[in-house]
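Residues per chain, in single letters:
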Amino acid sequence: MKINPYDQNDYTPVPSKFTLFMRKCVIWQFIRFIAINLKMLVVVSKSH
Amino acid sequence: MARVVVMGAGVSGHTACTFLNDWLGSEHEVVVVTPNSQWNWIPSNIWVGVGRMSSEDVTFDLKPVYDKVGLTYKQAKAVSIHPEGSEGESSPYITIEYTESGKEGTTEVLTYDYLINATGPKLNFAATEGLGPDSGHTVSVCTHDHATHAAHKLQESIEKMRAGETQEILIGTGHGMCTCQGAAFEYTFNVEHEITLAGVRDKANITYISNEYELGDFGVGGMHIKRGGYITSGKVFTESLFTERGVKWIKRAHVNKVEAKKVHFETLDGNQHEKEFDFAMLIPPFSGVGLKAFGKDGSDITDTIFAPNGFLKVDADYTPKPYEEWSIEDWPQTYQNPIYGNIFATGIAFAPPHLISKPMKSPNGTPINPTPPRTGMPSGIIGKTVAKTIKEMILNGATEPTHKVSMGEMGAACVASAGKGMLSGTAASLTMYPVVPDYKKYPDYGRDLDHTSGEIGLAGHWIKHTLHHLFLHKAKLKAGWTLIPE
Ligand SMILES: Cc1cc2nc3c(=O)[nH]c(=O)nc-3n(C[C@H](O)[C@H](O)[C@H](O)COP(=O)(O)OP(=O)(O)OC[C@H]3O[C@@H](n4cnc5c(N)ncnc54)[C@H](O)[C@@H]3O)c2cc1C
């Protein structure tokens with residue numbers, strides 16, 4: 001997206017190419033899948 | 001033999017009635033009254049709304065499921081509650097009106113020993129002139145039928161883009177008092193994803209319009225997470241995603257009128273604006289479904305057991321107080337009506353004590369602030385908690401609620417889809433604890449930052465996809481359903 005100076009989107013962080021790659025990297029995302037599920041289970045168990 | 005009547009078979013009502021039926025056995029009767037013949041896994045309506053799933057993928061027939069476990073099912077809508085009975089009927093009862101094909105409009109009196117109101121929200125499109133798919137100019141994804149219609153309209157827009165036309169796409173909240181920003185957020189990015197896949201992204205100007213003070217508020221006053229060596233506001237991450245996907249945003253907006261291809265809205269500074277659109281999906285505000293209540297003598301007591309927004313009053317502290325004095329103690333724990341101890345409300349149907357986000361008004365006096373969400377996980381947990389209490393009351397003679405749960409001590413795990421696809425999809429996976437910020441316990445940010453997190457990636461999509469199948473499996477009462485958490 002084109003970001004113009006002083007536009008609302010000129011002030012936000014945007015992901016770097018590396019971050020974008022990691023978001024779709026199957027091996028890394030598999031690890032995150034396990035990690036996020038564990039995090040969610042902790043929150044679920046604290047709530048019951 | 002006791003009879004428990006559950007009004008509404010959505011997330012919380014279905015949870016409550018199926019667990020009660022399981023725990024109480026055949027000596028007691030559980031009756032569920034709901035106008036829908038099918039159960040809908042509402043979170044996946046987002047994917048129906050972009051044509052990636054069909055209505056059939058997100059629904060199933062309730063009757064065979066209830067028949068299988070011996071639960072009495074009446075396809076009808078509850079109309080009124082008579083908590084003291086009436087001159088001719090000594091037991092408390094509700095009146096119902098059938099929606100089942102062949103019996104439409106037939107009314108019936110249904111007595112109860114315990115009553116759960118799990119009727120969810122009325123989609124109050126009428127609050128904004130011209131809003132909604134039925135008599136207005138915008139589409140919705142709040143029901144699977146609405147979402148199917150939205151997918152057709154989106155496809156029409158995509159076809160126009162393919163033919164070289166530029167399309168203005170507007171997605172967000174259709175009133176200053178909406179909740180459910182999460183659904184609008186998800187739909188925005190799913191639409192953006194589909195338009196990109198269709199190869200016409202350059203022909204779409206996508207704008208998000210919201211009643212939030214800042215993006216990322218989501219009706220829970222926003223959240224902070226630890227990331228990249230900082231404790232950062234969710235606003236930063238939300239705006240980042242909008243920028244990354246090329247979506248513009250309008251915040252602090254109360255949409256007050258929709259015309260064909262044009263919305264009118266007021267912003268918190270009191271100014272009036274207009275925005276043209278070709279395709280608009282705007283979430284309506286929610287209210288109670290309009291149940292009435294009557295005393296023994298037939299007098300209207302609706303105002304004593306329901307709040308003005310139509311939600312049922314429970315054990316919350318409804319004393320009006322300024323934002324600075326709010327605390328988690330204001331939030332209900334037992335969901336029992338303070339006047340009638342055998343009536344409970346679960347999920348969206350209970351009246352919250354106040355907002356979670358800070359109340360805001362424009363100089364014209366227009367409230368522009370999100371109302372409190374009661375998402376799937378809290379709705380399910382509350383349904384199960386109330387079921388446990390009623391079980392104790394029936395089986396062990398408990399006179400007071402035995403089980404408690406508060407949104408001030410309950411977390412939420414949410415997965416907001418940002419595009420479907422096993423290798424190309426992404427979703428934001430969020431956890432927060434607690435849902436209602438507790439500034440006494442967590443003075444800095446109101447939440448436990450060890451259990452409040454958010455990240456975007458393919459993993460989130462896999463989780464969302466897994467949850468779709470897991471919750472449909474649970475709702476169909478298939479093997480091991482009781483082991484799957486709410
Ligand atoms: C598009 C969309 C996406 C969402 N995505 C998510 C998500 O990803 N994660 C999440 O946690 N939450 C999500 N939510 C919110 C979630 O769907 C709700 O929190 C949840 O459905 C609330 O449960 P409930 O039982 O209170 O109400 P509902 O599930 O709405 O159920 C209410 C039931 O009551 C019935 N009813 C209505 N009137 C009557 C009457 N007069 N008598 C008897 N029955 C009646 C209705 O037919 C319905 O069956 C989403 C919501 C929407 C609209």
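Residues numbered from 1 in each chain as written. Chains lettered and ligands numbered in written order. Predicted model: local features only at pLDDT ≥ 70, side-chain atom pairs only at ≥ 80, totals over all residues. Heavy atoms only, no water.

Points about the confidence of the model for chain B
Going by this rule: A score from 0 to 100, pLDDT tells how confident the predictor is in each residue.
For chain B, the average pLDDT comes to 97, and 100% of its residues sit at 70 or higher. The ipTM assigned to the predicted complex is 0.95, against a pTM of 0.96.

Regarding the nonpolar core
All names here are of chain B. Our working definition: Residues grouped as a nonpolar core are buried Ala, Val, Leu, Ile, Met, Phe, Trp, Tyr and Cys residues, joined through side-chain atoms within 4.5 Å. Think of it in three bands: residues with accessible area under 20% of the maximum for their type are buried, residues over 50% are exposed, and the middle band is partly exposed, with areas taken using a 1.4 Å probe on protein chains only. Here a helix means four or more residues in a row that DSSP labels H or I, a strand means two or more in a row labelled E, and each is numbered from the N terminus.
In terms of nonpolar packing, the biggest core is built from 116 residues, with I94 and Y187 touching the most fellow members. It is helix 8 (residues 376-396) that provides the largest number of residues to this core, a total of eight residues. Among the nonpolar cores identified, the runner-up in size contains 13 residues, and A253, V263, F277 and A280 belong to it.

Remarks on the interface of chain A and chain B
Cut-off, in case you're wondering: Note on contacts: a residue pair qualifies if any of its non-hydrogen atoms lie within 4.5 Å across the two residues. By definition, the buried area sums, over both parts, the 1.4 Å-probe accessible area that each loses when the two are put together. Salt bridge criterion: a side-chain nitrogen from Lys or Arg within 4 Å of a carboxyl oxygen from Asp or Glu. As used in this structure description, the phrase polar contact means that two N or O atoms lie within 3.5 Å; if the pair is within protein, one of them must be able to donate a hydrogen and the other to accept it, and residues adjacent in sequence are counted only when both atoms belong to side chains. Each residue receives one of three labels: charged for Asp, Glu, Lys and Arg, nonpolar for Ala, Val, Leu, Ile, Met, Phe, Trp, Tyr, Cys and Pro, and polar for the others, Gly being one of them.
Each partner contributes residues to the interface: chain A has 27 residues there, and chain B has 40 residues. Carbon and sulfur atoms supply 68% of the area buried between chain A and chain B, which totals about 2900 Å² over both sides. A per-residue breakdown of the area chain A buries against chain B is headed by Q8, R23 and M40 of chain A, which together make up 20% of the total. Between chain A and chain B we count four salt bridges in total. For E244 of chain B, the salt bridge goes to R23 of chain A, with nearest N and O atoms at 2.9 Å. Here chain A and chain B share 11 residue pairs in polar contact (both at pLDDT 80 or more) between them. Listed by contribution, the elements that provide at least two residues to the side of chain A that touches chain B are helix 1 (17-24) and helix 2 (26-47) of chain A. Examining the composition of the side of chain A that touches chain B, we find that 14 residues originate from one element, helix 2 of chain A, more than from any other. For the side of chain A that touches chain B, the class distribution of residues is 14 nonpolar, seven polar and six charged.

A word on the site of the ligand
All names here are of chain B. Our working rule: Definition of nearness: a residue and a molecule or strand are near each other if at least one heavy atom of the residue lies within 4 Å of the molecule or strand. Reported accessibility uses the Shrake-Rupley method at a 1.4 Å probe radius. Residues are deemed covered only where the shown protein chains occlude them.
Near the ligand you find 31 residues, and of these S12, A78, I348, R374 and G376 are the closest. At a separation of 2.8 Å, a nitrogen atom of the ligand approaches a polar backbone atom of A78. Between the ligand and G376, the relevant distance is 2.7 Å, taken from an oxygen atom to a main-chain nitrogen or oxygen of the residue. Contact with the protein chains hides 86% of the accessible area of the ligand, taken as 1000 Å² for the molecule alone. For the shell around the ligand, the secondary structure elements donating two or more residues are helix 1 (11-24), strand 2 (29-34), strand 5 (72-82), helix 5 (181-197) and helix 8. Split into classes, the residues belonging to the shell around the ligand amount to 16 nonpolar, 11 polar and four charged.

Focus: the sheet that holds strand 18 (residues 279-283) of chain B
All names here are of chain B. Definition in use: We call two strands paired when DSSP finds no fewer than two bridges between them. The axes are straight lines fitted to the C-alpha atoms, using for helices just the contacting stretch, and the angles between their N-to-C directions are given from 0 to 180°.
Judged by pairing direction, the sheet is parallel, and its four strands sit side by side in the order 14-11-10-18 without closing on themselves. Looking along the sheet, the strands with just one partner apiece sit at the ends: strand 14 (248-250) and strand 18. In this sheet, neighbouring strand axes are inclined to one another by 15 degrees on average, regardless of whether the strands run parallel or antiparallel. Two elements, strand 10 (residues 167-173) and strand 18, share five bridges in a ladder whose sense is parallel. Bridge pairing in strand 18 links I169 to F279.

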